[in-house]
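Now for the letters of each chain:
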Amino acid sequence: NAQKRVLKEIRSDMGNPAQMNRLLQGDVGSGKTIVGFMSMLLALDNGFQACLMAPTEILANQHFIGIKELAETIGVEVGILTGSAKTKERREIHEQLENGKLQILIGTHALLEDKVVFKNLGLAIIDEQHRFGVNQREALRKKGNCPHILVMSATPIPRTLALILYGDLSVSVIDELPANRLPIKN
């Protein structure tokens with residue numbers, strides 16, 4: 001129910017002409033990634049592309065594996081771009097991203113490279129946003145024409161809390177765990 005409530009808040013924001021700037025906060029295993037994916041589908045349904053930037057290759061790969069599995073069942077093209085991507089892979093991703101064939105791009109700081117050009121970025125998701133600097137988050141925002149921004153975190157930090165207090169960041173909290181979820185593995 002918390003995931004549904006949060007998704008309604010995000011859908012409402014994305015339906016407004018003003019740019020969404022929202023924090024999605026929830027414990028590990030609460031379903032932030034699936035809410036992020038559903039938000040990406042909202043952007044795609046409206047003719048936009050979406051991206052998700054994670055601070056590490058391990059986390060980017062985890063997101064990619066989970067999202068790709070879901071996306072393939074509905075015919076959505078998903079790619080991954082990390083620092084370890086080969087030159088040929090990068091060229092293909094850049095081309096598909098620019099011509100719009102690639103609908104969702106997941107990656108690390110590699111998404112910030114100048115060669116990464118979206119045809120029509122509508123939603124940028126930043127996971128563990130506190131691990132990125134202000135300039136890095138702004139660089140991702142500039143990849144589109146005022147894309148909606150969704151930042152996800154299990155552990156908001158003081159700067160994030162200050163943004164919330166000053167009204168620069170709306171907050172959605174997943175405050176219940178999904179039924180029958182598997183235990184977290186360390």
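In the block above lies the structure referred to throughout.
This is a predicted model, so every value here is computed, not measured.

Caption draft 1: Layout of the overall build of the chain. Helix and strand counts for the chain stand at six helices and seven strands. Counting from the amino terminus, the chain carries its helices and strands in the arrangement α-β-α-β-α-β-α-β-β-α-β-α-β. Expressed as a percentage of its 186 residues, the buried residues of the chain come to 44%. Sequence-distant contacts, at least 24 apart, represent 76% of the contacts inside the chain between residues at least 6 apart.

Caption draft 2: Representation of helix α3 (residues 57–72) in the model. Between its terminal C-alpha atoms α3 stretches 21 Å, which fits the 22 Å expected from 16 residues at 1.5 Å a residue. Residues Leu59, Ala60, His63, Phe64, Ile67 and Ala71 constitute the buried set of α3. Considered in projection along α3, the buried side chains sweep an arc of 130° and stay on one side of the axis. Looking at α3, the residues exposed on the side facing more than 90 degrees away from the buried face are Ile58, Gln62, Ile65, Glu69 and Glu72. Check the buried side of α3 and you find it contacts α2 (32–45), β2 (49–53), β3 (78–81), β4 (104–107), β5 (121–127) and β6 (148–153).

Caption draft 3: View of the environment of Ser153. Examined against the element boundaries, Ser153 turns out to sit in strand β6. Separated by 129 residues in sequence, Ser153 and Leu24 have C-alpha atoms that sit 6.5 Å apart.

Caption draft 4: Representation of unusual backbone geometry in the model. Unusually for a residue other than glycine, Cys146 sits at a positive phi of about 60°. Summarising the element assignment, Cys146 is placed in the loop between α5 (134–141) and β6.

Caption draft 5: Region of the structure containing the pairing of β3. Burial of β3 is two-sided: the residues Val78 and Ile80 facing one way and the residues Gly79 and Leu81 facing the other way are all buried. Here four bridges tie β3 to β4, and the two strands are oriented parallel to one another. Bridging across to β4, Gly79 finds its partner in Leu105. Read as a crossover between parallel neighbours, the route from β3 over helix α4 (residues 87–99) to β4 is right-handed.

Caption draft 6: Structural detail: the packing of α2 against α3. Running from N to C, α2 and α3 cross one another at 50°; their axes reach a closest spacing of 11 Å. Judged on the interaxial angle alone, α3 and α2 are oblique. Remark: the crossing between α2 and α3 carries right-handed chirality. On α3, the residues that touch Thr33, Ile34, Phe37 and Met40 of α2 are His63, Ile67, Leu70 and Ala71. Partitioned by chemical class, the residues of the contact of α2 with α3 number six nonpolar, two polar and no charged.

Thresholds, definitions, all that
Residues numbered from 1 in each chain as written. Predicted model: local features only at pLDDT ≥ 70, side-chain atom pairs only at ≥ 80, totals over all residues. Heavy atoms only, no water. Helix = DSSP H or I, 4+ residues; strand = E, 2+ residues; numbered from the N terminus. Buried < 20%, exposed > 50% of the residue type's maximum accessible area, 1.4 Å probe, protein only. Contact = heavy atoms within 4.5 Å. Expected span 1.5 Å × (residues − 1). Arc of directions from axis to C-beta. Pairing = 2+ DSSP bridges. Right-handed = clockwise from strand over helix to strand, strands pointing away. Axes fitted to C-alpha atoms, helices over the stretch in contact; angles between N-to-C directions. Parallel < 35°, antiparallel > 145°, perpendicular 65-115°, else oblique. Left-handed = near helix turned anticlockwise from the far one by under 90°. Nonpolar A, V, L, I, M, F, W, Y, C, P; charged D, E, K, R; others polar.

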